[in-house]
Amino acid sequence: MIGVIIRKIKHLMFLRRVRKAKRYLTAGNSHFFENFRLNIGMPIKNKIYLKIGNDSSLDCTVIFESETGEVSVGNRCFIGASTIICKSKIEFEDDVFVAWGTYFYDHDSHSIDYREREKDITAQLKDYREGRGFIESKNWSVVNTKAIKVGSNAWIGMNCIILKGVSIGEGAIVGAGSVVTKDVAPWTIVGGNPAKVIKEIPIELRKA
């Protein structure tokens, strides 16, 4: 009985999260699963942050740490319980499959200049102590950011890390646990840290 009540409460909380998120997204006839979350640090009124096509399923967390950024998901995609952290742009084309535990991160989070990182720590403490979001005063102008693009029919395995500026080509496969720091050619299989080409997908298994 207690288990049933807990499940009902969790489901109601999920529905509430989705209703709140819908003001910042468009989703066609796509679906959201129980792990889905949309977190926006300082949302701009009426801005659409997340654009989703038709027949896709999202079980992921999508995070915008500042007021900027855009995530787009095409048609017939599945994104499992992974995390998408966006400052500029992250794009998934059609028929993309993403397993659980993967991170997409389109920025460096901090400057390579230690002095700017010292300022970040000071600003975080000030924001927290004054009751604001802990990175509300962060200076994003010193943080490098580049868009990520995942091509149609790509498959990304569990527990991967996809870093800024990376393009994953059409039909490419990223093996579980990989760290992708450079572009992945279409119809190749990559793996490792950093990810390297393991083999090419046979011609007869490629989309014409």
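Residues numbered from 1 in each chain as written. Predicted model: local features only at pLDDT ≥ 70, side-chain atom pairs only at ≥ 80, totals over all residues. Heavy atoms only, no water.

How would you explain the overall build of the chain if you had to name every residue and give the values?
A count of helical and extended segments in the chain gives 2 helices and 20 strands. Over its C-alpha atoms the chain spans a radius of gyration of 18 Å, differing by no more than 12% from the 17 Å that the globule rule assigns to 208 residues. In terms of principal-axis extent, the alpha carbons of the chain reach across some 60 × 55 × 35 Å. Here the chain holds 208 residues, and the buried ones make up 40% of them. By element, 56% of the accessible surface of the chain is carried by carbon and sulfur atoms, the whole surface being about 11900 Å². (Helix = DSSP H or I, 4+ residues; strand = E, 2+ residues; numbered from the N terminus. Rg over C-alpha atoms; globule rule 2.2 N^0.38 Å. Buried < 20%, exposed > 50% of the residue type's maximum accessible area, 1.4 Å probe, protein only. Areas by Shrake-Rupley, 256 points an atom, 1.4 Å probe, with all protein chains shown as cover.)

Could you give me a rundown of the sheet that holds strand 16 (residues 167-168), with the residues and numbers involved?
Note on sheets: strands pair through backbone hydrogen bonds, and any given pair is parallel or antiparallel. If you trace the 6 strands from one edge of the open sheet to the other, you get 1-4-7-10-13-16, paired in parallel fashion. The open sheet has two edge strands with one neighbour each: strand 1 (25-26) and strand 16. Two strands pair when backbone bridges link them, and strand 10 (residues 89-92) and strand 13 (residues 148-150) are joined in this way by 3 bridges, in the parallel orientation. From the neighbouring strand, F92 faces strand 13, where its bridge partner is V150. (Pairing = 2+ DSSP bridges.)

Can you lay out helix 2 (residues 114-129) for me, pointing to particular residues and giving the numbers?
Compared with the 22 Å implied by 1.5 Å per residue over 16 residues, the 23 Å span of helix 2 between its first and last C-alpha is a close match. For helix 2, every residue scored as buried is listed here: E116, D120, A123 and D127. Down the axis, helix 2 shows its buried residues gathered within 75 degrees of arc, on one side only. Seen from the buried face of helix 2, the exposed residues on the opposite side, beyond 90 degrees, are I121, T122, Y128 and R129. Residue D113 occupies the N-cap position of helix 2, its side-chain oxygen lying 2.9 Å from the main-chain nitrogen of R115. (Expected span 1.5 Å × (residues − 1). Arc of directions from axis to C-beta. Polar contact = N/O pair within 3.5 Å; in protein donor to acceptor, adjacent residues only side chain to side chain.)

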